[in-house]
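Summary of the model geometry
So you can see what is in the structure, the chains are spelled out below.
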Amino acid sequence: MIPLLICVKIVNQGQSTSKKFTELIDDQWSLVQSLLNWEPPLERGKPRSDLRKVWNSIFYVLTKGCRWTYLPEDKDLYVPRSTAHDWLKKWKNTGVFDSVLSGLLEIALEKGLIDLSQISVDGSFFPFTRRRKWCRSRLQVLIHLLVDYNGELLAVTSTAANGDERKQVFPLLHQAGISHKLTKHYRREMIILERDKGYDANWLRSKLFNLQIFPCIPRRKIGKSSPERPSNKETREFFRIESVRWVVERTFARVKRRCRRLLMRWKRLPGIWEAFLSISLIHNWLKNLSG
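Residues numbered from 1 in each chain as written. Predicted model: local features only at pLDDT ≥ 70, side-chain atom pairs only at ≥ 80, totals over all residues. Heavy atoms only, no water.

What follows covers the sheet that holds strand E2 (residues 141-147). Strand order across the open sheet formed by five strands is E3-E2-E1-E4-E5, with mixed pairing between neighbours. Whereas interior strands pair on both sides, the edge strands pair on one side only; in this sheet they are strand E3 (153-160) and strand E5 (213-216). On average, adjacent strands in this sheet sit at an angle of 25 degrees to one another, irrespective of strand direction. Helix-sheet contacts for helix H5 (residues 169-176) involve strand E1 (118-126), E2, E3, strand E4 (191-194) and E5, and the interaxial angle to E3 is about 140 degrees. Lying over the sheet, helix H8 (residues 246-258) contacts E1, E2 and E3, oriented at roughly 50 degrees with respect to E1. (Pairing = 2+ DSSP bridges. Helix = DSSP H or I, 4+ residues; strand = E, 2+ residues; numbered from the N terminus. Axes fitted to C-alpha atoms, helices over the stretch in contact; angles between N-to-C directions. Contact = heavy atoms within 4.5 Å.)

As structure tokens, this is what we get:
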């Protein structure tokens, strides 16, 4: 008789053994402090928590993908879960994360870490939990990323699963400051935006041209195409545009590997979910600038 081999895999929730979490170093924390642009409220009775420990706690939950209850009980590096969650909501509502992210992008562009010669946009579905009664189809999320020529993160947004990807192009450009802030450091006359057929729309091309952005988007094969209209291949060959669509898929894989909290949407409130999206970009650029 062949023995039955039963393999039992013990999974320790919240404790990822793939990589040890690294707290904020002094250079990273000084960079965050200089970009906060936020005045903390006055202390009333109870002393305020150490903000560096708050950022460590938030980054721990983001990278490990654990619940708030699995925060380490090390008072020298972390704060209690309720404290970290409250500061997360407060900074999201006051625009602190947007201010820090905008400053990091400007610093990265000045140091030459961002190449705006060609940018790419894409969306990817992220699963949602079905373990709770409030989970419905409307909670399915579609994350949209804007990356540069090398696949570095510039902006991120999220919509419902049935959201229109084409309408997220301009919120992404506005979040990254492509149209006003970042382009003041860039001397190229026109930026190339590359995407797939899902973004095919004449109104999108027209608005991108008004922003001095060249849309390199293939057209869908629906109906009869005009013989006078050049194909996407002919356009690439004429303007010598290299295809870098694959860098967006690589960036999605990198985000899922580094920010395990984004692998599945556990949060019902959209504000908390969007806060984690912004923190993922901040975490990425802190690693790049300090490295």
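With that settled, consider the pairing of E3. For E3, the buried fraction is high: seven of the eight residues fall into the buried class. Where E2 and E3 come together, seven bridges link them in antiparallel fashion. Directly across from valine 147, in E3, lies its bridge partner leucine 153. (Buried < 20%, exposed > 50% of the residue type's maximum accessible area, 1.4 Å probe, protein only.)

So, about the nonpolar core. Counting residues in hydrophobic clusters, the biggest one holds 78 residues, and the most contacted among them are Trp55, Trp91 and Leu146. With 11 residues, the top contributor of residues to this core is helix H9 (residues 270-290). The residues touching tryptophan 91, leaving out its near neighbours within four places in the chain, are Trp38, Leu51, Val54, Trp55, Ile58, Val96 and Phe97. (Core = buried A, V, L, I, M, F, W, Y, C linked by side-chain atoms within 4.5 Å.)

Right, let's talk about the side chain of arginine 195 for a bit. For arginine 195, the location among the structural elements is in the loop between E4 and helix H6 (202-210). Of the residues examined, arginine 195 reaches a relative accessible area of 1% and is grouped as buried. Within the structure, arginine 195 has its side chain in polar contact with the backbone oxygen of valine 121 (distance 2.5 Å). Each residue touching arginine 195, except ones within four places of it in the same chain, is listed here: Ser120, Val121, Asp122, Cys216, Ile217, Pro218, Arg245, Val248 and Glu249. (Polar contact = N/O pair within 3.5 Å; in protein donor to acceptor, adjacent residues only side chain to side chain.)

What follows concerns the confidence of the model for the protein. Predicted coordinates in areas of low pLDDT are best not read in detail. When the pLDDT values of the protein are averaged, the result is 80; 79% of them are 70 or greater. Taken element by element, the predicted model of the protein shows its lowest mean pLDDT in helix H7 (residues 232-239) (70) and its highest in helix H2 (residues 51-64) (94). (pLDDT = per-residue confidence, 0-100.)

On inspection of all chains with the given rule, the structure shows seven salt bridges. Among the ionic pairs, lysine 92 bridges to glutamate 274, the shortest N-O distance being 3.9 Å. Residue lysine 92 is located in helix H3 (residues 81-93), and its partner glutamate 274 is located in helix H9; the two are separated by 182 residues in the primary sequence. Residue arginine 205 pairs with aspartate 200 through a salt bridge whose shortest N-O separation is 2.6 Å. Each member of the pair, arginine 205 together with aspartate 200, is buried. Through salt bridges with shared partners, a single network forms among Asp122, Arg195 and Asp196. (Salt bridge = Lys/Arg side-chain N within 4 Å of Asp/Glu carboxyl O.)

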